[in-house]
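What follows is each chain in one-letter form.
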Protein chains: 2
Amino acid sequence: MNILIIGAAGMIGRKLTSALIARKALAGKPIRQIELVDVVAPEPVTGGGIAISARAVDISDPKVAPGLISRRPDVIFHLAAIVSGEAELDFDKGYAINLDGTRHLFEAIRQEGLAQPYCPRVIFTSSIAVFGAPFPDRIGDEFFQTPLTSYGTQKAIGELLLSDYSRRGFLDGVGIRLPTICIRPGAPNKAASGFFSSILREPLVGQQAVLPVDESVRHWHASPRAAVGFLIRAAEMDTAILGARRNLNMPGLSATVGEQIEALRRVAGDKAVALIRREPDAMIAGIVGGWARDFDAARAISLGFQADGSFDEIIRIHIEDELGGDIPS
Amino acid sequence: MNILIIGAAGMIGRKLTSALIARKALAGKPIRQIELVDVVAPEPVTGGGIAISARAVDISDPKVAPGLISRRPDVIFHLAAIVSGEAELDFDKGYAINLDGTRHLFEAIRQEGLAQPYCPRVIFTSSIAVFGAPFPDRIGDEFFQTPLTSYGTQKAIGELLLSDYSRRGFLDGVGIRLPTICIRPGAPNKAASGFFSSILREPLVGQQAVLPVDESVRHWHASPRAAVGFLIRAAEMDTAILGARRNLNMPGLSATVGEQIEALRRVAGDKAVALIRREPDAMIAGIVGGWARDFDAARAISLGFQADGSFDEIIRIHIEDELGGDIPS
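The text that follows walks through the structure, step by step, so that each part is easy to find. As the structure is a computational prediction, the values presented were derived from the model and not from experiment.

All names here are of chain A. Most of strand E7 (residues 121-127) is tucked away, with 7 of its 7 residues classed as buried. Residue alternation in E7 divides its side chains into two sets, Arg121, Ile123, Thr125 and Ser127 and Val122, Phe124 and Ser126, and both sets are buried. Here 4 bridges tie strand E6 (residues 75-78) to E7, and the two strands are oriented parallel to one another. What sits directly across from Val75, in E7, is Arg121. One ladder, built from 7 bridges, connects E7 with strand E8 (residues 172-178); its direction is parallel. Looking at the pairing, Ser126 lines up with Arg177 of E8. Tracing the backbone out of E7, into helix H5 (residues 150-167) and back to the parallel element E8 gives a crossover that is right-handed.

In structure tokens:
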């Protein structure tokens, strides 16, 4: 089993790499090689008996994907993307990476298979940003794609390509629409969704955080641990059951910002909550106002994808995985 | 008012051109120029006081769109496409024309506007092929896009681009998902839907026609006259009311093949019906089996788009517009 992870230097990519090394196998087969690529070289990691390589590549360059695919990985995790805020600010860059980069990858796989039979499993991380307001209170599995950002548009197009290339037998794709990842560890990125993590992550270590929207804002979340679980499930599942509908709303946890804050209070006390500073930001409020709040992800749940149980659990996962199991008192 | 029609040599393009010449105005403004382009040069037409030019261009060539757009048309009808059967047989050609050609056009409009403000109305003919089975009995306005053909995939991607370019203010787009056009005049094309017209068109002039599917097959239809009406409405409507949801299911007429045949019997008698020969074709039945059967096109109807009243009317429109008002007895 040879695995390629595109976007491996990102947070989910690094956690996925660690999880694969710990599991040693995928879909019942021992993992022999993992190739890690990203626009910046992923940190070198060692993996017992697994040969792991890491390097920097630019997937918007059409010459790159054929080189990656010439090694014929069995499973490809395509996680690379320009995030929503940046794709909105830089129209050309967003389309170059999120649309052209994805298309170059799928096309390289097709060309490899035309030369000699090849049909790898491709897991594509899409996003609930493929949906745009107005919404029903809970979005079902058959709700239409009307993104309100260029990022969401690019993800929706990637999904359509994934389905068509799968239907034609060029690859074996599963698109997973991730909830917003919470609590995202490390430094803030340019995603407009950053505050959903920041208002929990910073107070847990005694630092101030900025809340740019109202506490009534409801959103859809999954922990990094749940997200890695989705990726592994997508790599191991029987795709015959998907038919031509290759893109799935992942299960998640629906919560208001106020409910997030109350979970923080239960886990870390009033002192932590007091570190959240309100600074309304109309641009962020505008973007987030167009995002989905809640889903009925019945199809993915029936296919074995599992969400977090509560926001208290999401916070405790962060404390276990990022803070060594404890918070400063 | 300067108008550009891309795909002007096709049946809808020619009828649209005639309708515009007859109307002399669009959205209350006199039409001064019409540029007709297609992959083969559209037939030259004269239009009273309207300056009409016609030429062959290949929209998959990225150098073509900037030239077309440099003349800054006020309204652009983008009708050009590789049809469903051909896009399924020639993967590269379908993507080159239907996806890349559309993207080059939208991008040329954006670049023109970045140089000097410009935001033309763009009417994009999409298709109900953006939907794929299984369906509800009637497809509503918020049903998800899961095409089962490469053509449908390319149209769904064009819609997403149209919406994003409209949202960003680069163009003022309206995507109209046309029902299958019936009765399509002239010679059969490579569309898998061709028989829906053929089984009426050929018998009306005393010729045999082939029916490759069962009479129970239900489908969604509009006459050429209704389709041209949709295009004009899309060019004239107030788009502010659309918000970010720029793509509309057009109204149509839902009928089984058996109901089509009964309408033919009412209009042209048993002798015409006897000219339909059953020749089941598994490939066509398979493609058509993935197509939509009926819609609740409430949104488009509320926006003033009007469908045909009955299949008898669809047949009579063909007799009026194509056969000089009468059929051979």
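Resuming the write-up.
A few words on the sheet that holds E6(A). Residue and element names in this part refer to chain A. Spatially, E5-E4-E1-E6-E7-E8-E12 is the arrangement adopted by the 7 strands of the open sheet, whose pairing is parallel. Two strands lie at the open edges of the sheet, namely strand E5 (51-56) and strand E12 (247-249), each paired on one side alone. Taken pair by pair, the neighbouring strands of this sheet meet at an average axis angle of 15 degrees, ignoring direction. Each of strand E1 (2-6), strand E4 (33-38), E5 and E6 touches helix H1 (residues 11-23); the most contacted strand, E1, lies at about 165 degrees to it. Contacting E7, E8 and E12, H5 crosses the sheet at an angle of about 155 degrees to E7.

Counting 88 residues, the largest nonpolar core has Ile6(A), Ile76(A), Ile6(B) and Ile76(B) as the members making the most contacts within it. In this view, Ile6(B) contacts Val37(B), Ile59(B), Leu68(B), Ile76(B), Phe77(B), His78(B), Leu79(B), Ala80(B) and Leu105(B); residues no more than four positions away in its chain are not counted. Within the second largest apolar cluster, 39 residues are counted, among which are Met11(A), Ala19(A), Ile123(A) and Leu231(A).

The two copies are related by a screw operation: chain A maps onto chain B through 180 degrees of rotation and 0.0 Å of translation along the axis, at an RMSD of 0.0 Å. Classification of the inter-copy transformation places it as that of a two-fold axis. Minimal C-alpha separation from the rotation axis in chain A is found for Phe144(A), amounting to 1.9 Å. Comparing interface residues between copies, 100% of those in chain A also lie at the interface in chain B; the contact surface is shared.

How each quantity is defined
Residues numbered from 1 in each chain as written. Chains lettered and ligands numbered in written order. Predicted model: local features only at pLDDT ≥ 70, side-chain atom pairs only at ≥ 80, totals over all residues. Heavy atoms only, no water. Buried < 20%, exposed > 50% of the residue type's maximum accessible area, 1.4 Å probe, protein only. Helix = DSSP H or I, 4+ residues; strand = E, 2+ residues; numbered from the N terminus. Pairing = 2+ DSSP bridges. Right-handed = clockwise from strand over helix to strand, strands pointing away. Axes fitted to C-alpha atoms, helices over the stretch in contact; angles between N-to-C directions. Contact = heavy atoms within 4.5 Å. Core = buried A, V, L, I, M, F, W, Y, C linked by side-chain atoms within 4.5 Å. Least-squares fit on C-alpha atoms with pLDDT ≥ 70 in both.

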